[in-house]
Amino acid sequence: MLHNTPSNLSELPVYQKALEIFALSQNISTYLNHDLSSLQPDGSEDNNIYFSGDIVQQSVSLAPEILNVELQRHSDKKHKHLASLRRLTNKLYKNSYRLERSNSNGKDFLPILRSELKKFKKLQRSWMLSL
């Protein structure tokens, strides 16, 4: 970790949940990519494969945004990172619904991701009140 990382960061429930969501998103994406990487009968690729990468990219950004909020001293900068965290969470939620329309057995895991995102949103709200 960084030298100026708050020592209690790894103990924050919101941070722990962000790491769990990242691991879950990564596993779901790997599973989906296996099904979605083959070409369609007309030779085109399945557009849903991009959403599987998006959930990983968005979930990997959750923990660093939490760190950024914790490191900021000015409330306006904290609010900027909090807004970014909210946007990432909402995008993850939307992309999980998009992936659920895909032609893959892995789509059965997406409700689990959304359930974890709901828990994350609750943790996020209570954490924001403590700042």
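Predicted model only: the values in this text are computed from it and were never measured.

Here is what the cut-offs are and how they apply
Residues numbered from 1 in each chain as written. Predicted model: local features only at pLDDT ≥ 70, side-chain atom pairs only at ≥ 80, totals over all residues. Heavy atoms only, no water. Helix = DSSP H or I, 4+ residues; strand = E, 2+ residues; numbered from the N terminus. Contact = heavy atoms within 4.5 Å. Areas by Shrake-Rupley, 256 points an atom, 1.4 Å probe, with all protein chains shown as cover. Buried < 20%, exposed > 50% of the residue type's maximum accessible area, 1.4 Å probe, protein only.

With that out of the way, let us pick up the overall build of the protein chain. On a plain count of helices and strands, the protein chain comes out with five helices and zero strands. Sequence-ordered secondary structure for the protein chain, helices as α and strands as β, is α-α-α-α-α. Seen through its C-alpha atoms, the protein chain measures out along the principal axes to roughly 55 × 25 × 25 Å. Across the protein chain, contacts joining residues at least 24 apart in sequence account for 76% of those joining residues at least 6 apart. For the protein chain, the accessible area works out to roughly 7,900 Å², and carbon and sulfur atoms hold 51% of it.

Checked against the element boundaries, Leu131 lands in the segment after α5 (110-129). In this structure Leu131 comes out as partly exposed when scored by relative accessible area, which is 40%. Separated by 62 residues in sequence, Leu131 and Val69 have C-alpha atoms that sit 8.9 Å apart.

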